[in-house]
There are 2 protein chains.
Amino acid sequence: MKEKFLNQTNPNVSVDCVIFGFDGVELKVLLVQRDLQDNLEIQDDTLVLPGDLIRDNEDLDEAASRVLTGLTGIRSVFLEQIGAFGNPNRLSKGKDRTWLEAVRLKPDARVITVGYFALINIKNYKIKPAGFAKHVVWHDYKVVEELGFDHNEILDAAIRILRNKLYREPVGFKLLPRKFSLHHLYCLYNEIMDAEIDRRNFRRRMLKTGFLKETDEFQEGVPHKPARLYTFVKKEFENVSRKNFKFY
Amino acid sequence: MKEKFLNQTNPNVSVDCVIFGFDGVELKVLLVQRDLQDNLEIQDDTLVLPGDLIRDNEDLDEAASRVLTGLTGIRSVFLEQIGAFGNPNRLSKGKDRTWLEAVRLKPDARVITVGYFALINIKNYKIKPAGFAKHVVWHDYKVVEELGFDHNEILDAAIRILRNKLYREPVGFKLLPRKFSLHHLYCLYNEIMDAEIDRRNFRRRMLKTGFLKETDEFQEGVPHKPARLYTFVKKEFENVSRKNFKFY
């Protein structure tokens, strides 16, 4: 009995996950097309971030992992909190109301959500839609349109954090293969910053940072002159973070 | 009737505020000694952060401002979100349970809390305890002991954010008078970083950053040789933030 009580879903708190991936060309975000299950007559092609209500016996971080795996099959991802989103009108759009009334026990409850984000290398994870996820897609970040609920706002917060981290933390580690060309790295930075970064400056400055280590290997199977491959030097990113505290 | 419904308190979501102040010597944090009201026979001298449940018609930011003003009298402070805290056991300590049972309609409800923080110049704000706040105190940050609930954890998160901001944003603006001596600034940085920063290095490096502008004024009414006063150059902090994005 107690166990049952402890496993209850909390009607007022949810988690939503922004999962960024990189396929070598485009920055992608993982989106879910929700299923209206029994209500086959209602058309709802709204895309949302993978998210759901928390259970009363689990921590927020646990809830985020469980919900992500439950909807998309993706597991063992390091999820980092973005913050809480609690606009009182965040669930008031028409299509969202229809969906909530179809699936939630208390569709009128005020829900605040805690946003999480993670970066993953698309090639390392297999997607398996489950639960209310009819489809799960890697959607090109640049052409995301109106999502359900306040999920555009959560996505905006996540991209701001990602851009901020880009020059302070070894973000690329998680989005790129272990060995990559400078062009590959350039595409990633270009995509995330959504700006035309000057190619020659990028190359010169990136090499000067000490973040990169040259390998003896070159690209294989490319129709042009194969480019040299690099790896990240994690230690140098740690030094960058510390440089701000140079008064010690 | 609807208005009443809209003003209901949400049993599952609260806000808690970490307000840092500086009195010229020590870093302070604003704490509340909670009142058990009718239960005069119970001794409870536990200190907590100013916080309470949100109302269903208000945004999280609004809730944080309302709760802070309602308990401490402090108003018009820019509160920034730290994140959400949701350990399922965060309300399980004995003294906390007693207090919750005395004051909450649903003392057993799972509550997740959203932490906020702000920096203020102590001299500019007047404290007026109200609501369940028996006393409100500016407590020396360094000697904070065990707080109620998970408030030590929230305080730890806030100090980490503050330390991170110290060299990137004009944090001192809010904690110091408009004109201040280098010694005064040194004390502030020393207090926040909780480390013995080398005094001569600090002086030299701080002047080199461009963050500070010399004024023609000097300290008044001091028993020693009066020190020169400085002001902050806000623009230079903005440049520091941008330096990380130098590929443009």
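Residues numbered from 1 in each chain as written. Chains lettered and ligands numbered in written order. Predicted model: local features only at pLDDT ≥ 70, side-chain atom pairs only at ≥ 80, totals over all residues.

1. Brief notes about the overall build of chain A
Moving on, step 1. For chain A, the helix and strand inventory stands at 8 helices and 10 strands.
Moving on, step 2. Each of the 248 residues in chain A was classed as buried or not, and the buried ones make up 33%. (Helix = DSSP H or I, 4+ residues; strand = E, 2+ residues; numbered from the N terminus. Buried ≥ 20, exposed ≤ 12 C-beta atoms within 10 Å, placed from the backbone.)

2. With respect to the sheet that holds strand β10 (residues 228-232) of chain B
Residue and element names in this part refer to chain B.
Moving on, step 1. With respect to topology, 3 strands assemble into an open sheet ordered β8-β10-β9, the strand pairing being antiparallel. Sheet topology places β8 (180-181) and β9 (212-218) at the edges, where each strand pairs with a single neighbour.
Moving on, step 2. The pairing of β8 with β10 spans 2 bridges and is classified as antiparallel. Note on β10: the bridge partner recorded for Phe-180 is Tyr-230. (Pairing = 2+ DSSP bridges.)

3. Let's talk about the sheet that holds strand β9 (residues 212-218) of chain A
Residue and element names in this part refer to chain A.
Moving on, step 1. The antiparallel open sheet is built from 3 strands, whose spatial order is β8-β10-β9. With one partner strand each, in any of the chains shown, β8 (180-181) and β9 form the two edges of the open sheet.
Moving on, step 2. Sheet topology places β9 next to strand β10 (residues 228-232); 4 bridges connect them, and they run antiparallel. In the strand pairing of β10, Phe-218 is matched with Arg-228.

4. Observations concerning the domain arrangement of chain A
Where the parts come together, the accessible area they lose is often given as the size of the interface.
All names here are of chain A.
Moving on, step 1. When its domains are assigned, chain A resolves into domain 1 (2-165) and domain 2 (177-243).
Moving on, step 2. With centres defined by C-alpha atoms, the gap from domain 1 to domain 2 works out at 32 Å.
Moving on, step 3. Listed per partner, the contact involves 9 residues of domain 1 and 8 residues of domain 2.
Moving on, step 4. A class-by-class count of the residues in the side of domain 1 that touches domain 2 yields 4 nonpolar, 2 polar and 3 charged. (Domains from an automatic or database assignment. Contact = placed C-beta atoms within 7 Å. Nonpolar A, V, L, I, M, F, W, Y, C, P; charged D, E, K, R; others polar.)

5. What to know about the pairing of strand β1 (residues 9-22) of chain B
All names here are of chain B.
Moving on, step 1. The element β1 is largely enclosed, with a buried count of 12 among its 14 residues.
Moving on, step 2. As paired elements, β1 and strand β4 (residues 51-55) share 4 bridges and run antiparallel to each other. By the bridge assignment for β4, Val-15 is matched with Asp-52.
Moving on, step 3. Note: β1 against strand β6 (residues 112-121), 10 bridges, orientation parallel. If you follow Gly-21 over to β6, its bridge partner there is Ile-120.
Moving on, step 4. Alignment of β1 against strand β2 (residues 27-34), held across 3 bridges, turns out to be antiparallel. Looking at β2, one finds that Gly-21 is bridged to Lys-28.
Moving on, step 5. The turn linking β1 back onto β2 is made up of 4 residues, and Gly-24 within it adopts a positive phi angle of 105°.

6. Some remarks on unusual backbone geometry
Moving on, step 1. Positive phi, close to 50°, is recorded for A:Phe149, a residue that is not glycine.
Moving on, step 2. With 25 C-beta atoms counted inside 10 Å, the residue A:Phe149 sits in the buried group.

7. Quick notes on the packing of helix α6 (residues 182-193) of chain B against helix α7 (residues 199-209) of chain B
Residues and elements named next belong to chain B.
Moving on, step 1. Close contact between α6 and α7 brings their axes to 11 Å; oriented N to C, the two are set at 110°. As the angle between them shows, α6 and α7 are arranged roughly perpendicular. As for the relative orientation of α6 and α7, their crossing is right-handed in sense. Contacts between α6 and α7 pair Leu-182, Leu-185, Tyr-186 and Tyr-189 from the former with Arg-199, Phe-202, Arg-203 and Met-206 from the latter.
Moving on, step 2. Split by residue class, the contact of α6 with α7 holds 6 nonpolar, no polar and 2 charged. (Axes fitted to C-alpha atoms, helices over the stretch in contact; angles between N-to-C directions. Parallel < 35°, antiparallel > 145°, perpendicular 65-115°, else oblique. Left-handed = near helix turned anticlockwise from the far one by under 90°.)

8. Observations regarding helix α6 (residues 182-193) of chain A
Residue and element names in this part refer to chain A.
Moving on, step 1. With 12 residues, α6 should cover 16 Å at 1.5 Å per step; its first-to-last C-alpha distance of 16 Å lies within 8% of that length.
Moving on, step 2. Looking only at α6, the buried set comprises Leu-185, Leu-188, Glu-191 and Ile-192. The arc enclosing the buried residues of α6, seen along the axis, measures out at 130°, which places them on a common side.
Moving on, step 3. Where the residues of α6 are buried, they touch β1 (9-22), β2 (27-34), α4 (151-165), α5 (172-175), β8 and α7 (199-209).
Moving on, step 4. Where α6 terminates, the next one or two residues include Asp-194, which has phi positive at roughly 50°. (Expected span 1.5 Å × (residues − 1). Arc of directions from axis to C-beta.)

9. Here's the deal with the environment of B:Leu79
Moving on, step 1. For B:Leu79, the position within the fold is in the loop between α2 (60-72) and β5 (80-85).
Moving on, step 2. Other than its neighbours up to four places away in sequence, B:Leu79 contacts B:Cys17, B:Asp61, B:Ala64, B:Ser65, B:Tyr116 and B:Ala118.

10. Points about the environment of A:Val18
Residue and element names in this part refer to chain A.
Moving on, step 1. Mapped onto the elements, Val-18 comes out in strand β1.
Moving on, step 2. Owing to 28 C-beta atoms within 10 Å, Val-18 belongs among the buried residues under this scheme.
Moving on, step 3. Sequence spacing of Val-18 and Val-48 is 30 residues, and the spatial spacing of their C-alpha atoms is 9.9 Å.

11. Looking at the confidence of the model for chain A
Residue and element names in this part refer to chain A.
Moving on, step 1. For chain A, per-residue confidence averages 87 on the pLDDT scale, and 90% of positions sit at 70 or higher.
Moving on, step 2. A low-confidence stretch, residues 1-6 (pLDDT under 50), is modelled with 2 contacts involving residues beyond four sequence positions or located in other chains.
Moving on, step 3. Every residue in residues 242-248 scores below 50 in pLDDT, and together they form 10 contacts with partners more than four places removed in sequence or on other chains.
Moving on, step 4. Scored by ipTM, the complex comes to 0.86, with pTM at 0.88. (pLDDT = per-residue confidence, 0-100.)

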